[in-house]
Amino acid sequence: MNSLVLALIGVAMILAGYFLYSKFLASKIYALDDSRPVPSHELEDGVDYVPTNKYVLWGHHFTSVAGAAPIVGPAVAVIWGWFPAFLWVTIGTIFFAGMHDFGALWASVRNKGQSIGALSGRYIGARGRNLFLVVIFLLLLMVNAAFSVVIANLLIATPSAVIPTWGALLVALLVGQAIYRWKMSLPLVSVVGVVALYALIWIGDNNPLALPETVMGLPAKSVWIILLFVYAAIASMLPVWMLLQPRDYINGLQLFIALGILYGSVLLARPEIVAPAYNENVPAGTPSLVPLLFVTIACGAISGFHGMVSSGTSSKQLDKESDARFVGYFGAVGEGLLALGAIIATTAGFATLSDWEGVYQKFNDGGVAAFVEGGGNIVEAGLGLPQSLSATIMATTAILFAATTMDTGVRLQRFVVQEIGEIAGVSLKKGIATVIAVGIALALTFGAGADGSGGMLIWPLFGTTNQLMAALTLSIIAIMLLRRGRTALPALIPLFFVGVMTIFALVIQLGTFWEAKNWLLLVLDIVILVAALWVLVEAGAAMKSARDYQGDDDKELLSMSAAEIAIGGEGPSDHDDSDAGHHHLRGQGDRRPGDHR
């Protein structure tokens, strides 16, 4: 099959989802209302709660949720063939990811910017909230530790990406100042920022930089990991408008340009897909397609991490409710297009089936390296760019998005640490909470040796943990819809499918870890499985109560303060949640209202 045909069908399906299904969700399911106050205005503080132009916020949201995962997942999953991966990415984006991401953003905005963890306390109960936090904490730990390793490996493998990777920070800082302090035109700032970023890519391609093999006795990989965590810690404590938001915005534009380059190259070169549609000769040891496909491809189809970003940072910056459709659903569209591009790059970017099979010799082969190689080959053939420059563009794209996910992940981990501290009766300043969050991630990363190999130690559990998080988020969305007397089927159908597939995968993994005598992963698998099942059971009971709810949830929420919502409010369910849902609301005194202007 020709890759151009696959690209056209996939893009048409995903865009139809945005123009049709998301419009239905906005009007009939979520009933967006611009007359309602939103957290960014009610709680504006210049650090976390900042009213933001929807295009800038979309850039922050999209790049935070994207990262390397929508590249890695599809680039691994094509080992079963391109057709199953294509179906899951397209259908998942339209009916699963878009609904989930949009819904999590709506749910948080309707609850004064509270995180999904805090909302679980209000709508499920204190016990469910505590178990929810276990899943959230482990998921963020996996993301922060593993992405640092992925980025470090790419910086070592592609030295030409070093200058654009770190130079992008300076570009982002200047963009933030230009938008918020100097009040410059957004289109002008966008053009200048993107031109500067691509100039850095050209400079980096001509001036590759590599660290010495060892620095102060540490391998180069370890030095990169430490530098990445230092950066992420600093970025997570700065006001969102200063670095995080403009960095993500410019990266979002850069990614769409990179996708345009990739899809444009497909249009011009029209390479044939050399991988089989359904691979009947998978390498020995490859797990079954069902259920592993649905946890291998998480980001790009549906991902629990997205709900954490939607409710953790994006909801605090939404300028008005109607922007949620563009930011939340179209953010999922962007990720679906990236995942589709990864499928094409890793199945049509090789000359022959033999070349493709040489890369996919066992399960978990491929990944970012296959995307960079295959995508670089397509760009070289389509646009005539030198192979080294094509590879630099692909590698820089992957690194920048992994880095934006990592710095958002560290910020979210800080929130979670503060929530846990408040449950324990300890108020943690953001600096201390950040040190704890980064310290735990570094301990995991270097726990297995100075080379940072520990960062991937618990990664095998990422897919299942991530999808369970999505199921738990969908359960909260369903409860909120039921309490408003609306149909919850758009949430319940994905909830049932993702929940069944993920629990099935967790059970299979239990057997795998037992046979391998990997006791750490076995214990963590059991903890995650028990916590998730427990929360889902309590969520089921809360849904039953929600159907009988006679009040007006929206009016009730409007009359409550953020602090009251954070501790559970009055009577949202039959559970005792009087002490549930503590959440980092205003940064424990470190806010400076209006300092973003």
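Attention in this report is confined to the structure presented alongside it. Keep in mind that what you see is a predicted model, and the values were worked out from it rather than measured.

1. Section: the side chain of Ser115
Phase 1: When you line up the elements, Ser115 lands in the loop between α5 (82-109) and α6 (116-123).
Phase 2: Engagement of the side chain of Ser115 in a polar contact is seen with the side chain of Glu419, the distance being 3.0 Å.

2. Looking at the environment of Ile29
Phase 1: For Ile29, the location among the structural elements is in helix α1 (residues 3-29).
Phase 2: On the basis of relative accessibility, which here comes to 1%, the residue Ile29 falls in the buried class.
Phase 3: Taking the C-alpha atoms as reference points, Ile29 and Leu482, 453 residues apart in sequence, are found 10 Å from one another.
Phase 4: Setting aside chain neighbours within four positions, we find Ile29 in contact with Phe24, Leu481, Arg486, Thr487 and Pro490.

3. Describing the packing of helix α7 (residues 126-157) against helix α21 (residues 519-547)
Angle between the axes and distance between the axes are the two parameters that describe a pair of packed helices.
Phase 1: At a closest axis distance of 9 Å, the pairing of α7 and α21 adopts a crossing angle of 140°. With respect to each other, α7 and α21 are oriented oblique. Judged by the twist between their axes, the crossing of α7 over α21 is left-handed. Of the residues in α21, those touching α7 at Arg127, Gly128, Leu131, Phe132, Val134, Val135, Leu138 and Met142 are Leu524, Val527, Ile528, Ala531, Trp534, Val535 and Glu538.
Phase 2: Residues belonging to the contact of α7 with α21 are distributed by class as follows: 12 nonpolar, 1 polar and 2 charged.

4. Observations regarding the nonpolar core
Phase 1: Core analysis: the largest hydrophobic core is formed by 188 residues, its most contacted members being Tyr30 and Ile344.
Phase 2: Per-element accounting of this core gives the leading share, 20 residues, to α7.
Phase 3: Discounting residues that sit within four places of it in the chain, Tyr30 has contacts with Leu25, Met99, Phe102, Gly103, Trp106, Arg110, Ile477, Leu481 and Arg486.

5. Focus: the packing of aromatic side chains
Phase 1: Scanning the entire structure with this criterion turns up 24 aromatic pairs.
Phase 2: The interplanar angle of 75° and the centroid separation of 5.5 Å between the aromatic rings of Trp514 and Trp519 together place this pair among those described as edge-to-face.
Phase 3: With a relative accessible area of 56%, Trp514 lands in the exposed category.
Phase 4: Exposure remark for Trp519: the relative accessible area of 45% places this residue in the partly exposed category.
Phase 5: Grouped by ring-pair contacts, the aromatic residues Tyr18, Phe19, Tyr55, Trp58, Phe62, Phe326, Tyr329 and Phe330 constitute a single cluster.
Phase 6: Positioned above the aromatic ring of Phe326 is the side chain of Lys54, whose terminal nitrogen or guanidinium carbon lies 5.3 Å from the ring centre.
Phase 7: Lying over the aromatic face of Tyr18, Arg325 brings its terminal NZ or CZ to 4.7 Å of the ring centre.

Rules and cut-offs
Residues numbered from 1 in each chain as written. Predicted model: local features only at pLDDT ≥ 70, side-chain atom pairs only at ≥ 80, totals over all residues. Heavy atoms only, no water. Helix = DSSP H or I, 4+ residues; strand = E, 2+ residues; numbered from the N terminus. Polar contact = N/O pair within 3.5 Å; in protein donor to acceptor, adjacent residues only side chain to side chain. Buried < 20%, exposed > 50% of the residue type's maximum accessible area, 1.4 Å probe, protein only. Contact = heavy atoms within 4.5 Å. Axes fitted to C-alpha atoms, helices over the stretch in contact; angles between N-to-C directions. Parallel < 35°, antiparallel > 145°, perpendicular 65-115°, else oblique. Left-handed = near helix turned anticlockwise from the far one by under 90°. Nonpolar A, V, L, I, M, F, W, Y, C, P; charged D, E, K, R; others polar. Core = buried A, V, L, I, M, F, W, Y, C linked by side-chain atoms within 4.5 Å. Phe/Tyr/Trp six-rings, centres within 6.5 Å; stacked < 30°, edge-to-face > 60°. Lys NZ or Arg CZ within 6 Å of the ring centre and 35° of its normal.

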